[in-house]
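Residue-level listing of the chains:
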Amino acid sequence: RLHRLRPGLETLAGPDTLVCRCEELSRSEIEVGIASGGTDNRNLKVMTRLVMGPCQGLMCWPASARLIAARR
């Protein structure tokens, strides 16, 4: 219960907010990938280069997983 994310947390970021700093992918670019059939981070990796930067997804993987979960 202490670590549960509050509903609506994914709405705090605007469309131009960077989700993946290494590959400079914004929230709107990730959402386009999700709308085009990206149902998990592996699909989005192929479509957008998400999690392919030097951090290997340490920074963007949790945020992108939340965006996917909010759309499903």
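Computed from a prediction, not measured in an experiment: that's the story for all the values here.

K.L.:
I'd love a proper account of the packing of helix 1 (residues 27-35) against helix 2 (residues 41-48), names of residues and values included.
P.N.:
Helix 2 packs onto helix 1 with a crossing angle of 115 degrees between their chain directions and a minimal axis gap of 10 Å. Accordingly, the angle class assigned to the pair helix 1 and helix 2 is roughly perpendicular. The chirality of how helix 1 crosses helix 2 is right-handed. Contact with helix 1, carried on its side by Glu29, Ile30, Gly33 and Ile34, involves Leu44, Met47 and Thr48 of helix 2 and no other residues of that element. A breakdown of the residues in the contact of helix 1 with helix 2 according to their chemical character gives four nonpolar, two polar and one charged.

K.L.:
Outline the side chain of Ser64, listing residues and values.
P.N.:
Relative to the assigned elements, Ser64 resides in helix 3 (residues 61-71). Among the residues examined, Ser64 registers a relative accessible area of 0% and is labelled buried. Within the local environment of Ser64, its side chain forms a polar contact with the backbone oxygen of Trp61, the two atoms lying 3.0 Å apart. Leaving out residues up to four positions away in the same chain, Ser64 has contacts with Val19, Asn41 and Leu50.

K.L.:
Kindly report on the confidence of the model for the protein chain, identifying the contributing residues and their values.
P.N.:
Looking at the protein chain as a whole, the pLDDT averages 87, with 97% of positions reaching at least 70. Per-element mean pLDDT across the protein chain ranges from 86 in helix 3 up to 94 in strand 2 (residues 25-26).

K.L.:
Summarise helix 3; cite the residues concerned and give the values.
P.N.:
The set of residues buried in helix 3 consists of Ser64, Leu67 and Ile68. Seen end-on, helix 3 carries its buried residues on one side only, within an arc spanning 100 degrees. Residues of helix 3 that are buried in the fold lie against strand 1 (18-20), helix 1 and helix 2.

Calculation rules
- Residues numbered from 1 in each chain as written.
- Predicted model: local features only at pLDDT ≥ 70, side-chain atom pairs only at ≥ 80, totals over all residues.
- Heavy atoms only, no water.
- Axes fitted to C-alpha atoms, helices over the stretch in contact; angles between N-to-C directions.
- Helix = DSSP H or I, 4+ residues; strand = E, 2+ residues; numbered from the N terminus.
- Parallel < 35°, antiparallel > 145°, perpendicular 65-115°, else oblique.
- Left-handed = near helix turned anticlockwise from the far one by under 90°.
- Contact = heavy atoms within 4.5 Å.
- Nonpolar A, V, L, I, M, F, W, Y, C, P; charged D, E, K, R; others polar.
- Buried < 20%, exposed > 50% of the residue type's maximum accessible area, 1.4 Å probe, protein only.
- Polar contact = N/O pair within 3.5 Å; in protein donor to acceptor, adjacent residues only side chain to side chain.
- pLDDT = per-residue confidence, 0-100.
- Arc of directions from axis to C-beta.

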